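Understanding the architecture of this molecule
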Amino acid sequence: MNAAVAEITEKEEQAITETRMVTGAQGLLLALLEEGVDTIFGYPGGAIMPIYDALYDFKDQLNHYLVRHEQGGAHAAQGYARITGKPGVCFATSGPGATNLITGIADAQIDSTPLVCITGQVFSHLLGTDAFQETDVLGVTMPVTKWNIQVTRAEDIPDAVAKAFYIATSGRPGPVLVDITKDAQNATFEYSYKKCKRISSYYPVPKLNEKAIAEAAELINNAQKPYVLWGQGVILSHAQEDLKAFIEKAGIPAAWTIMGLAGLPTDHPLNVGMLGMHGNYGPNLLTNECDVMIAIGMRFDDRVTGDLKRYARQAKIIHIEIDPAEINKNVRVDVAVNADAKAALQALLPLINENKHEAWLQKFNECAQIEYTKVMAPEIAPTTGKVKMAEVIHQVSELSEGKAVIVTDVGQHQMTAMRYYRFKDMRRSNITSGGLGTMGFCLPAAMGAKVGAPDRQVIAVIGDGGFQMTLQELGCIFQYQIGVKVLILNNNFLGMVRQWQQLFHQKRYSFTEMVNPDFVGIAKAYGISGNKVTERDNLQEAIQTMLDHQGPYVLEVVVEKEDNVFPMVPAGDSVANIRLS
Amino acid sequence: MAIDDYQIDSGEEKTYTIFAFTENKVGLLNRITIVFTRRHINIESITVSESEVQNVYRYTIIVKTTYAQVEKLVKQIAKQVDVLRASFYPEEETIFQEIAMYKIPMSSMINGSQVEQIVRDSYARILTVDPQYIIIEKTGHIEETRELFEKLSPFGILQFVRSGRVAITKHMKDLSTYLREQEEAYL
Ligand SMILES: Cc1ncc(C[n+]2csc(CCOP(=O)(O)OP(=O)(O)O)c2C)c(N)n1
């Protein structure tokens, strides 16, 4: 062993905290503190009572938010994680408490969000007996967690927590779950804590492959029509500035997936827009024209690619991706760069030539012009008819100067928000449920985001349908006065499904029309101020009032009932067949 | 990963042997089988045992599928936290065996030595002799154990069982070399 290694080992040894006798429940909370946790979203119950009892003594150090449903807890933890970059932590009891977390866990898994979920479990001698509130939480969460563990002995809690945090946050992040039996919470043991820095069977960050980088650089340098697609990997690896430097040096037009949105300011001249089903015209159309495609921290989701058999067949593809299982999963690549996005971009930068691809970029600009005239202009500045979603978002974008954190639910309003909000702030600013497409995500996620970034303007953009899936979290927002701004775009329809029914099911509007309650009245009942707007003339002032309001606020805007989001690539069609109307 | 060693084939289905070397963790078998069930792929056989390295377990999984699919399956298995290494090989790159046991009534032995002759000719062996039955054991490829089954059938087979495949690769690299190489590829 050389001297340097010996020194580190010695330091690590010292890092083990003083030992002392505690209960498993206390040990858990000490371990969370050790990992830098200060915020927990949770809901108590019988099987997690010892932990809640211990929490009573930690109130000064651990802010616990009592959500109104465990699903809200998981989504709030996601929102918190997405805005802060730190893992979100949530607590739930056994059985129904734990199963209520599943949607949030599955959502976090597919969107690579670090979560540490702690669930209480029945006494270990009751495991497998169908005891009261017993569920096989390990089995149920296995397909949707990056890792999970059941702990039945108090002395195993610190190590389980240490591993959980390490796995949740390293490499491609994801949700983990630690299920702790009640006897393990109650038992006393000699506590000590050691952070996990390595697991022998787990390799989170690949070393940079110089050969692959050189091959990628060569392809890029020889390209006539290079094209960058970036996803959330850029944000997760804090590579926003590196992406910018890279595309600026090589003069490459770049388009984003909805998870990558706000990785580059919307008005950057090389930011050509959004990919996928409701993405922009040029980015989809020209996918089938580029000669070298550089995909960075994105996974070629089917909502991005459409029909794979007709996707970018002409292009040489470079895929920069931290998770080796994503490489060649959907699209066969020519150069695989299995690496962290930041490391790869930094290695590429000195190897690529300065370049400008003006004629190629011009093609994107021409498409943008066509799309603007045919689709966007009438959407953002209509003069007659009912209010349109796009003009609401456009106004919000202007009045908040593109600096807000935009949290969206799922549906037409989501696509509209992504298409029309012009992000200027390159800090984490966009939070949505991309992979799972979870309605009900937005309100609790926005709540978690505001808790994580109290000084930023956090705006939840929600449809009338999705709002009603988790609106009980208004209770949590009210109790802790979490200053989120809730913007309900009410079309009295499950709009996105209605759009499909209109376009692909002969307008057979099967169970998508909604008779809604008085949303502002509901907010009022929760002690939250609000306003409802139906007329265009009142819109701007109402939005300004919402933005200026101290504390939480609900603004309902009644919008056009049968509005559609265009452009659109019909599901399973080629991206080149993008429809403008 | 072994996938670099082979030519990508045309999408035809073949028998592949997947090996996974893992820690001994509760629930890991479940996590590994989920990789198959999610993709609606049937496992032909699965065997888990100790490996040559202490505390390391070896999964031998047989699937019939395409190269592209098995490549993805292996990456998903390798991705599980407690999996040390996963790889896959076409049939011709492995040496493999299965074990079969046959229980036949003692009465079939009484009229002459025909069964004994079959056992000898098939390179099988008699494991147990009881006043009521005898148990025969044979190791070999599936065709061989099936053939013996057919030969013994006329005497009445009371019970028959065949194990999953166990397999060993032909190449010479050992696990610790692989693990070292793998570790070197990461920070
Ligand atoms: C939990 C859940 N259930 C169902 C769906 C299917 N779905 C996708 S969009 C949508 C309609 C959303 O309607 P609304 O919330 O009113 O938003 P809008 O599309 O009108 O903006 C539905 C039902 C879903 N994504 N999530």
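Description of the structure in this document. (Residues numbered from 1 in each chain as written. Chains lettered and ligands numbered in written order. Predicted model: local features only at pLDDT ≥ 70, side-chain atom pairs only at ≥ 80, totals over all residues. Heavy atoms only, no water.)

A few words now on unusual backbone geometry. All names here are of chain A. Put simply, phenylalanine 566 and proline 567 share a cis peptide bond, and its omega is 0°. Summarising the element assignment, proline 567 is placed in the segment after β20 (553-558). Unlike most non-glycine residues, aspartate 130 shows phi in positive territory, near 55°. By the secondary structure assignment, aspartate 130 is in the loop between β5 (115-121) and α7 (137-141). (Helix = DSSP H or I, 4+ residues; strand = E, 2+ residues; numbered from the N terminus.)

Residues and elements named next belong to chain A. Taken together, 18 residues surround the ligand, and among them Gln412, His413, Gly437, Gly466 and Gly495 come closest. In the model, an oxygen atom of the ligand is placed 3.0 Å from a nitrogen or oxygen of the phenylalanine 493 main chain. The separation between an oxygen atom of the ligand and a polar main-chain atom of methionine 496 is 2.9 Å. The fraction of the free accessible surface of the ligand (580 Å²) that becomes covered by protein chains is 76%. Elements supplying a minimum of two residues to the shell around the ligand: α18 (412-420), α20 (464-467) and α22 (495-504). The residue inventory of the shell around the ligand, partitioned by class, reads 8 nonpolar, 9 polar and 1 charged. (Near = heavy atom within 4 Å. Polar contact = N/O pair within 3.5 Å; in protein donor to acceptor, adjacent residues only side chain to side chain. Areas by Shrake-Rupley, 256 points an atom, 1.4 Å probe, with all protein chains shown as cover. Nonpolar A, V, L, I, M, F, W, Y, C, P; charged D, E, K, R; others polar.)

All right, on to the pattern of salt bridges then. All names here are of chain B. Considering all chains together, one arrives at 38 salt bridges over all chains under this definition. As a salt-bridge pair, lysine 14 and glutamate 92 come within 4.0 Å of each other at their nearest N and O atoms. In this pair, lysine 14 is assigned in strand β1 (residues 14-22) and glutamate 92 in the loop between β4 (83-90) and β5 (94-105), connecting sequence segments 78 residues apart. For glutamate 92, a relative accessible area of 46% gives the class partly exposed. (Salt bridge = Lys/Arg side-chain N within 4 Å of Asp/Glu carboxyl O. Buried < 20%, exposed > 50% of the residue type's maximum accessible area, 1.4 Å probe, protein only.)

Bringing the interface of chain A and chain B into the picture now. Listed as interface residues are 27 residues of chain A and, on the opposing side, 24 residues of chain B. In total, chain A and chain B occlude about 2,200 Å² of area from one another, counting both sides; carbon and sulfur atoms represent 51% of this. It is A:Met142, A:Ser201 and A:Tyr203 in chain A that bury the most area against chain B; as a group they hold 30% of the surface buried on that side. At the boundary of chain A with chain B, the tally comes to 3 salt bridges. (Contact = heavy atoms within 4.5 Å. Buried area = accessible area lost by both parts, 1.4 Å probe.)

A few words on the sheet that holds strand β2 (residues 43-50) of chain B. All names here are of chain B. Read across the sheet, 4 strands follow the order β2-β3-β1-β4 without closing on themselves; strand pairing throughout is antiparallel. Looking at the sheet topology across the chains shown, the edges are occupied by β2 and β4. On average, adjacent strands in this sheet sit at an angle of 15° to one another, irrespective of strand direction. By the bridge criterion, 9 bridges tie β1 to strand β3 (residues 57-65) in an arrangement that is antiparallel. For isoleucine 18, the partnering residue across the bridge sits in β3 and is isoleucine 61. Helix α2 (residues 67-79) contacts β1, β3 and β4 of the sheet and is inclined by roughly 165° relative to β4. The strands touched by helix α6 (residues 175-184) are β1 and β4; relative to β4, the strand with the most contacts, the crossing angle is about 115°. (Pairing = 2+ DSSP bridges. Axes fitted to C-alpha atoms, helices over the stretch in contact; angles between N-to-C directions.)

All names here are of chain A. Positionally, valine 337 belongs in strand β14 (residues 335-338). Owing to a relative accessible area of 3%, valine 337 belongs among the buried residues under this scheme. With 127 residues separating them along the chain, valine 337 and glutamate 210 place their C-alpha atoms 9.2 Å apart. Sequence-distant contacts of valine 337, defined by excluding residues within four places in its chain, comprise Ala212, Ile213, Ala216, Ile318, His319, Ile320, Glu321, Ile327 and Ala344.

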